[in-house]
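Residue-level structure breakdown
The chain contents come next:
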Amino acid sequence: MSIWLYSLYSRRIRSKVIRIAAAPILFVVFLLLGYQVISLTFSEDSRYAPDRIAETAMITAYDIRYGWGQDAGSHYTLGNLDGSFSSMIAMAPAAINVSLFRPYLWEASNPLMFIAAVEALFLLVMTIGTLGIKWVNLRNAFVDPHLRLCFSFALIIAFAVGVSTLNFGSLVRYKIPMIPFYITALTILYHSKKRRLK
């Protein structure tokens, strides 16, 4: 939400010089606002405090993978999650990949997992079809506030779910909020580029 508000209000400044000068200030204001909202939201449960989020992600992931979810079905691994923020960030590309594009078809071990694999394949094809075309201008994804909101929300959820789950069955359920935002962003991006071509 902070990213969306920053994008929306920084675009409304008409003077390019003032916009460039005000951009860092607006960015910090909306970032601090977002941090405060997160801190207040999770003040009742210290496990989700910003300074403990990496440890909570590790405990949740290993609980699902090796604890109560051990017999729950297909698992995946991203590497060694040690509870530090740096180890969690190092896994970001793999975590986003697993949330968006896995399980792969050959990883499906039952009919429900096969349906999830087909969904992941659809997202992969849609992503390549939208971003892999010569006339795609990714600058729009970073300039348009709505696209920025959709992509940032989808990628943040993909990262959080991918790094804290380690089980495809749980992953499929937890990534549900991300999918409409990601597909909406790709669809808007695709159609805006088609309009520019015409």
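Residues numbered from 1 in each chain as written. Predicted model: local features only at pLDDT ≥ 70, side-chain atom pairs only at ≥ 80, totals over all residues. Heavy atoms only, no water.

With that settled, the discussion passes to helix H8 (residues 145-165). Taking 1.5 Å of rise per residue, the 21 residues of H8 would be expected to cover 30 Å, and the 30 Å separating its terminal C-alpha atoms lies within 8% of that figure. Downstream of H8 by one or two residues, leucine 166 has phi in the positive range, about 65°. (Helix = DSSP H or I, 4+ residues; strand = E, 2+ residues; numbered from the N terminus. Expected span 1.5 Å × (residues − 1).)

Two side chains that carry opposite charge are able to pair once their charged atoms sit near each other. Going through the model one piece at a time under the given rule, you end up with two salt bridges. Residue arginine 102 pairs with glutamate 107 through a salt bridge whose shortest N-O separation is 2.6 Å. Overall, arginine 102 belongs to the buried group, its relative accessible area being 14%. Glutamate 119 serves as the salt-bridge partner of lysine 175, at 3.9 Å between the closest nitrogen and oxygen. Within this pair, whereas lysine 175 is found in the loop between helix H9 (168-174) and helix H10 (178-197), its partner glutamate 119 is found in helix H6 (residues 111-131), the two being separated by 56 residues in sequence. In this structure lysine 175 comes out as buried when scored by relative accessible area, which is 1%. (Salt bridge = Lys/Arg side-chain N within 4 Å of Asp/Glu carboxyl O. Buried < 20%, exposed > 50% of the residue type's maximum accessible area, 1.4 Å probe, protein only.)

We now examine a nonpolar patch on the surface. Taken together, the side chains of Leu105, Trp106, Phe114, Val118, Leu121 and Val125 define a hydrophobic patch exposed on the protein surface, amounting to about 620 Å² of accessible area. Here tryptophan 106 falls in the exposed class, since its relative accessible area comes to 69%. (Patch = residues over 30% accessible without salt bridge, like charges linked within 9 Å, V, L, I, M, F, W, Y side chains within 5 Å. Areas by Shrake-Rupley, 256 points an atom, 1.4 Å probe, with all protein chains shown as cover.)

Overall, the prediction assigns the protein a mean pLDDT of 78, with 81% of residues at 70 or greater. For the protein, per-element mean pLDDT is lowest for helix H7 (residues 139-143), which scores 64, and highest for helix H5 (residues 92-101), which scores 91. (pLDDT = per-residue confidence, 0-100.)

Moving on, we come to unusual backbone geometry. Across the junction of arginine 102 and proline 103, the peptide omega takes the value 10°, indicating a cis bond. Within the fold, proline 103 resides in the loop between H5 and H6. Residue leucine 166 is not a glycine yet carries a positive backbone phi of 65°. Taking relative accessible area as the criterion, leucine 166 reaches 8% and is therefore assigned buried.

So, on to the nonpolar core. Among the nonpolar cores identified, the biggest contains 19 residues, and Tyr76, Leu78, Leu81, Met88 and Val163 are the most heavily contacted of them. If you list the elements that add at least two residues to this core, you get helix H3 (53-66), H5, H8 and H9. By size, the runner-up hydrophobic cluster in this structure holds 15 residues, among which are Ala158, Met178, Ala185 and Leu186. (Core = buried A, V, L, I, M, F, W, Y, C linked by side-chain atoms within 4.5 Å.)

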